[in-house]
Amino acid sequence: MSRNAKINTLLLLLVAALAVIPLALGLGDHKEEPFAGADGEAETAITEIDPDYEPWFSPLYEPPSGEIESALFALQAALGAGVLAYYFGLRRGRRQGEERARERAGAQVADAGVRGGADGGRD
């Protein structure tokens, strides 16, 4: 197994462990919503510190249900992943195109040198 394959396998196992360990250890079992988002946790902490706190503004759009909110969040993540994939694919394609262009230019130079040597340099 190559060094890169070992590193990739180790990273994959680490990511799997990060996903499974909190569930296996029962972290968050004492909470009503064990894996609530950071926004909800912050709101709870703020109301514990200052019960009279009033937010500066309200959300522009409040989804009618949690499922729609999750779907919009997943759509946002998919769009972000698509933009990143497009960018990295474009960079790779450009780099490969430049390498092919250099190879062709090198082959043309070598081909011209062979032709020049074969006929004694005469045109």
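It should be emphasised that the depicted structure is a prediction, and the values quoted were computed from it without experimental measurement.

Caption draft 1: A look at the overall build of the protein chain. Helix and strand counts for the protein chain stand at 3 helices and 0 strands. Ordered by position from the N terminus, the helices and strands of the protein chain form the series α-α-α. In the protein chain, which comprises 123 residues, the share counted as buried stands at 2%. Of the roughly 11500 Å² of accessible surface on the protein chain, 62% is carried by carbon and sulfur atoms.

Caption draft 2: Representation of the layout of surface pockets. Computed from the structure, the largest pocket encloses a volume of approximately 1100 Å³. It is helix 2 (residues 38-49) that contributes the most residues to the lining of the largest pocket, 9 residues altogether. For the lining of the largest pocket, the per-class residue count stands at 14 nonpolar, 8 polar and 8 charged.

Caption draft 3: Structural context of a negative patch on the surface. There is a patch of like negative charges on the surface, built from Asp39, Glu43, Glu62 and Glu69. Taking the relative accessible area as the measure of exposure, Glu62 reaches 60% and is therefore exposed.

Caption draft 4: Here's a closer look at the packing of aromatic side chains. Applying the stated rule across the entire model yields 1 aromatic pair. A ring pair is formed by Tyr87 and Phe88, whose centres lie 5.3 Å apart and whose planes are at 65 degrees; its orientation type is edge-to-face. A relative accessible area of 43% places Tyr87 in the partly exposed class. Among the residues examined, Phe88 registers a relative accessible area of 48% and is labelled partly exposed.

Caption draft 5: Quick look at helix 1 (residues 3-25). Compared with the 33 Å implied by 1.5 Å per residue over 23 residues, the 32 Å span of helix 1 between its first and last C-alpha is a close match. Residue Ala19 marks the point of greatest curvature in helix 1, where the axis turns by about 30 degrees; the proline Pro22 follows within four residues. Gly26 lies just past helix 1 and shows a positive phi near 75 degrees.

Caption draft 6: Just a nonpolar patch on the surface, in detail. A surface patch of nonpolar side chains, about 680 Å² in accessible area, is lined by Leu60, Tyr61, Ile68, Leu72, Leu75 and Leu79. The exposure class of Leu79 is exposed, given its relative accessible area of 55%.

Caption draft 7: Structural context of the environment of Leu72. Its place among the elements puts Leu72 in helix 3 (residues 66-118). The exposure class assigned to Leu72 is partly exposed, which follows from its relative accessible area of 40%.

Caption draft 8: Layout of the confidence of the model for the protein chain. Overall, the prediction assigns the protein chain a mean pLDDT of 85, with 88% of residues at 70 or greater. By mean pLDDT, the top-scoring element of the protein chain is helix 1 (92), and the lowest-scoring one is helix 2 (85).

Procedures and definitions
- Within each chain, residues carry numbers counting from 1 in the order of the written sequence.
- pLDDT decides what is reported in this predicted model: residues at 70 or higher carry local features, side-chain atom pairs at 80 or more are listed and counted, and totals for whole chains, interfaces and linings draw on all residues regardless.
- As a rule here, side-chain values come from all non-hydrogen atoms in the structure, and water together with hydrogens is ignored.
- We count a stretch as a helix when DSSP gives it H or I for four or more residues in a row; a strand needs E for two or more, and each element gets its number in order from the N terminus.
- Categorising residues by exposure relies on relative accessible area from a 1.4 Å probe, with only protein chains included: less than 20% of the type maximum marks a residue as buried, more than 50% marks it as exposed, and the intermediate range marks it as partly exposed.
- Per-residue and other accessible areas were derived by the Shrake-Rupley procedure at a 1.4 Å probe size, with only the shown protein chains allowed to occlude residues.
- A pocket, in this scheme, is an open set of points on a 1 Å grid over the protein atoms alone with protein on both sides within 12 Å along at least 5 of 7 lines, while a cavity is a set where a 1.4 Å probe fits but cannot get out; residues line either one if an atom lies within 4 Å of a point.
- Grid points are joined across faces, edges and corners, and a volume is the space filled by probe spheres set on the points.
- Throughout, the ten residues Ala, Val, Leu, Ile, Met, Phe, Trp, Tyr, Cys and Pro are labelled nonpolar, Asp, Glu, Lys and Arg are labelled charged, and all others, Gly among them, are labelled polar.
- Note on patches: the residues involved have over 30% relative accessible area and no salt bridge, like charges join within 9 Å, and the nonpolar side chains Val, Leu, Ile, Met, Phe, Trp and Tyr join within 5 Å.
- Counted as salt bridges are all cases of a side-chain nitrogen of Lys or Arg within 4 Å of a carboxyl oxygen of Asp or Glu.
- Counted as positive: Lys and Arg. Counted as negative: Asp and Glu, with His and the chain ends omitted from the count.
- To locate a charge, take NZ of a lysine, CZ of an arginine, CG of an aspartate or CD of a glutamate.
- Each Phe, Tyr or Trp ring, with Trp reduced to its six-membered ring, pairs with another whose centre is within 6.5 Å; inter-plane angles below 30 degrees give stacked pairs, above 60 give edge-to-face pairs, and intermediate values give tilted ones.
- In a helix, the anticipated span is given by 1.5 Å times the number of residues less one.
- Fitting one axis to the seven residues ending at a residue and another to the seven starting there, the bend at that residue is the angle between the two axes.
- Each residue carries a pLDDT value, the predictor's own confidence for that position, ranging from 0 to 100.

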